[in-house]
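One-letter residues, chain by chain:
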Amino acid sequence: MATMIPSIGEKRGKQIVYTIEECLGCGEKNKRTFTVGDYVFKQNGQCKKCSGNILITMIYAEPIKPTQ
Amino acid sequence: MLPLQLGPGQFGDNTLYLLLFYLPFLLFLFYGQRIQAFMILGEVSRALGKLKIMREKSRKEVIDYLVNHLKPKSDPQEQVDQLLEYFTIMPVDLDPSGIVRKIEHVVTVRNDRIRSEIRRLAPETDLVKVSTAENILEAASSINYIYKLVRHFYLLGKRTSNIYILVQLQMIMPMILQEADALVNALEAFKLSQPIGDGIGPMVVGRMMLNHEKMDISKDTVMVKSEYKDRNLYLIKAVGPGGNVGEPGTAVERLISELGVKINSIIMIDAALKLEGEKTGEVAEGVGAAIGGIGVDRFKIEEVATKMNIPLYAVVIKQSLIDAISVMRKEIAEAAEKVTKIVYRLVEEKTQPNDNVLIVGVGNTLGVAQ
Ligand SMILES: [Zn+2]
């Protein structure tokens, strides 16, 4: 029964997809919105602070928070 | 006589009132089922309308992607319609011995055929775009199939006035709609090449693979040899960032049987469908071959592991169906670190120095490189 009917999940509302970049030199993290062409573990330029290589480490979606 | 008691006296012996009072009962007694059928028919027909819209939308997405990204020389509409109707006849299971090889054969032929059809549309396109088109096409043909199946039972129930067919359809309709919705959601992720929830396994292994030399081990599948605390790690995942699942079963089989590497432990990382109430991104450990799909890869891995007496450890990341095929959720992406720690801990606890450990990241590697 359990294997037959897994959780389909709640309907997803509007979401924003973010790209998380990380500098391999100083470990500085940067969160920005996703742009086409991004993929996880893409070498994406150089760090402004330490000129180390920047790597995209995560791409994920977050629901848009209702504005207060 | 009690004041509320109903009877002729209450209505002043008026037969018209009497008739009006009993008429609904008689109506429901004799026509109740028909009325119910009529209402169910309306409900199912509305749901069917929704499915039809989803089908049209997904078909349009396929055509748009092909036109915008693969730039075919001719109009792809006709070919897309043909591909959406593409079917696969599974091997007969009357004599099940050796059926997995037959299934594998049929599925391989199917996948090759679809890939070559897309290639034919746009000969000089890169692999990532072709695999993305394959993914979009697959989701669209699933929606197409769901629509046609629901339509079949709807028309069958209507034509034969069979309320039991309609009732069954009505009962499962919410789940069908949710599943179709999940597929439409998946299209969004596919066309932008964003990682999906199912890609968490490849993401964990892809990180371990960084800065190592990659070698092809089976179709759309890469392997890396690295080291961790005096153990040799053999890492396997599908080739990213295209939307591949690769052939991990063949890869494991080839590594152990053909290349003759003596593996001491296999660790598999995969997304697992959660039960209602479980938290998204929850990590669980277990044993066995953690791999979904039609069963060919799982069969191969189980077979070689049994033959060589290799323990199989599984680490899974829980998620719902919709999360598994839509853009990866934050909870899932953030579970990667925890999974990596668990994998390294397993390596330390379950193996000795100089052991060979095989780590397989299972899932669709869309938007995840290595
Ligand atoms: Zn830096």
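Overview of the structure.

Each value, and the rule that gives it
Residues numbered from 1 in each chain as written. Chains lettered and ligands numbered in written order. Predicted model: local features only at pLDDT ≥ 70, side-chain atom pairs only at ≥ 80, totals over all residues. Heavy atoms only, no water. Salt bridge = Lys/Arg side-chain N within 4 Å of Asp/Glu carboxyl O. Helix = DSSP H or I, 4+ residues; strand = E, 2+ residues; numbered from the N terminus. Buried < 20%, exposed > 50% of the residue type's maximum accessible area, 1.4 Å probe, protein only. Contact = heavy atoms within 4.5 Å. Buried area = accessible area lost by both parts, 1.4 Å probe. Polar contact = N/O pair within 3.5 Å; in protein donor to acceptor, adjacent residues only side chain to side chain. Nonpolar A, V, L, I, M, F, W, Y, C, P; charged D, E, K, R; others polar.

Attention now moves to the pattern of salt bridges. Tallied over the full model, the rule gives 28 salt bridges over all chains. Ionic pairing is found between Arg32 of chain A and Glu21 of chain A, a salt bridge with its closest N-O pair at 3.0 Å. Remark: Glu21 of chain A occurs in strand E1 (residues 15-23) and Arg32 of chain A occurs in strand E2 (residues 29-33); sequence separation between them is eleven residues. A salt bridge links Arg59 of chain B to Asp81 of chain B; its shortest N-O distance comes to 2.6 Å. Within this pair, whereas Arg59 of chain B is found in helix H1 (residues 15-70), its partner Asp81 of chain B is found in helix H2 (residues 77-84), the two being separated by 22 residues in sequence. Taking relative accessible area as the criterion, Asp81 of chain B reaches 31% and is therefore assigned partly exposed. Connected via shared salt-bridge partners are Lys31 and Glu62 of chain A together with Lys330 and Glu334 of chain B.

Between chain A and chain B, the residue contacts involve 23 residues of the former and 32 residues of the latter. Approximately 2,500 Å² of surface area, both sides summed, lies buried where chain A meets chain B, with 64% of it carried by carbon and sulfur atoms. On the chain A side of the interface with chain B, the three residues burying the most area are Ile8, Arg12 and Phe41 of chain A, jointly 32% of the side's total. Linking chain A with chain B are one salt bridge. Between chain A and chain B we count four residue pairs in polar contact (both at pLDDT 80 or more) in total. Among the elements that line the side of chain A that touches chain B, the one with the most residues is strand E4 (residues 53-63) of chain A, at seven residues. Among the residues forming the side of chain A that touches chain B, the class breakdown is 15 nonpolar, three polar and five charged.

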